[in-house]
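# Structure assessment
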Amino acid sequence: LEEGLPDYRISEWKEQMYILGNNRTFSEMLDVFRGGSRCSVLVGYHGCKLLGYLSGYDRAERGEETRELLASLGAISAITTAMGRHLEYPRVLAMGCYAIQAFSDGHERHTRMVVEAGGAEVISLVLKAWGAKNAEVAEFCIAGVATLSADVEGAKRLGAAGAVEGVWQTMAAHLAEAKAEVQAYGCASLFRMTSDEANVRRLVGNPDAVSAVVEAMKKHITVPLVLQTCGRLV
């Protein structure tokens with residue numbers, strides 16, 4: 001954890017939050033987030049980070065209880081709105097992508113809710129603007145694209161918003177880094193987006209896109225996940 005940032009993993013804090021975690025408490029928290037993110041970068045950053053964390057907290061024990069409650073109170077649109085307000089601040093955008101991925105992961109209805117709330121367009125815009133320049137944005141936003149592209153409508157809207165180009169450009173920009181996540185998520189995203197014929201056309205015959213995939217496999221030849229996800233594209 002970075003010095004000075006709240007530790008949302010503290011067990012006492014989590015249990016206290018769940019004791020208070022009814023509609024009123026979460027509703028008031030979201031109201032503060034919506035209002036504060038209008039003018040405060042820190043509120044936008046911490047709000048997105050907190051919502052992303054809560055959506056996945058203790059899912060094995062609590063199931064979808066927290067995600068369902070937060071989604072019903074408008075958390076998804078609050079996240080995408082906060083991102084739209086702070087497009088010049090990559091740390092807010094990275095946490096927004098993290099929250100989008102956390103809300104969507106493994107849940108078809110929530111994924112569609114994020115897509116319908118404009119999440120595909122927002123995350124594509126962020127990836128194109130910051131993916132190649134910021135490692136944190138690259139990792140979290142490509143993971144978000146991989147999740148949203150599992151939805152057929154999500155894949156279509158991501159491609160139309162420029163996510164295909166954004167993904168392979170981000171992969172190429174971060175090829176030299178030791179971490180393999182960007183390459184694995186990137187190839188998973190590209191493969192899932194090929195469910196839309198227009199996205200296939202965006203990839204086929206594009207030598208730069210093909211090169212990004214091949215170079216990812218060469219760079220991470222010992223990483224099975226990269227070889228598996230990227231291998232499906234060649």
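Residues numbered from 1 in each chain as written. Predicted model: local features only at pLDDT ≥ 70, side-chain atom pairs only at ≥ 80, totals over all residues. Heavy atoms only, no water.

### Thoughts on the overall build of the protein chain
From N to C terminus, the protein chain includes 16 helices and 0 strands. When each of the 234 residues of the protein chain is scored for burial, the buried share is 49%. For the protein chain, the proportion of contacts with a sequence separation of at least 24, taken over those separated by at least 6, is 73%. Taken as a whole, the protein chain presents about 10,800 Å² of accessible surface, with 55% of it coming from carbon and sulfur. (Helix = DSSP H or I, 4+ residues; strand = E, 2+ residues; numbered from the N terminus. Buried < 20%, exposed > 50% of the residue type's maximum accessible area, 1.4 Å probe, protein only. Contact = heavy atoms within 4.5 Å. Areas by Shrake-Rupley, 256 points an atom, 1.4 Å probe, with all protein chains shown as cover.)

### Focus on helix 12 (residues 163-173)
For helix 12, the set of buried residues is Ala163, Val164, Gly166, Val167, Trp168, Thr170 and Met171. Buried residues along helix 12 sit against helix 9 (119-130), helix 10 (135-148), helix 11 (152-160), helix 13 (181-193), helix 14 (197-203) and helix 15 (207-219).

### Looking at the state of the cysteines
Evaluation of the coordinates by the stated rule reveals 2 disulfides. In this model cysteine 97 forms its disulfide with cysteine 141; the gap between the sulfur atoms is 1.9 Å. On the sign convention where negative means left-handed, the S-S torsion of about 70 degrees between cysteine 97 and cysteine 141 marks this disulfide as right-handed. Here cysteine 141 lies in helix 10 and cysteine 97 lies in helix 7 (residues 90-104), a separation of 44 residues in the sequence. Among the residues examined, cysteine 97 registers a relative accessible area of 0% and is labelled buried. Exposure remark for cysteine 141: the relative accessible area of 0% places this residue in the buried category. (Disulfide = S-S within 2.5 Å.)

### Points about helix 10
For helix 10, spanning 14 residues, the distance from its first C-alpha to its last is 20 Å, which sits close to the expected 20 Å at 1.5 Å a residue. In terms of burial, helix 10 is largely enclosed, as 10 of its 14 residues are buried. Looking only at helix 10, the buried set comprises Val137, Ala138, Cys141, Ile142, Ala143, Gly144, Val145, Ala146, Thr147 and Leu148. Its side-chain oxygen 3.0 Å from the backbone nitrogen of glutamate 136, asparagine 134 forms the N-cap of helix 10. (Expected span 1.5 Å × (residues − 1). Polar contact = N/O pair within 3.5 Å; in protein donor to acceptor, adjacent residues only side chain to side chain.)

### Things to note about the confidence of the model for the protein chain
Across the protein chain, the average pLDDT comes to 86, with 87% of residues at 70 or higher. For the protein chain, helix 1 (residues 11-19) is the element with the lowest average pLDDT, namely 51, and helix 11 is the one with the highest, namely 97. (pLDDT = per-residue confidence, 0-100.)

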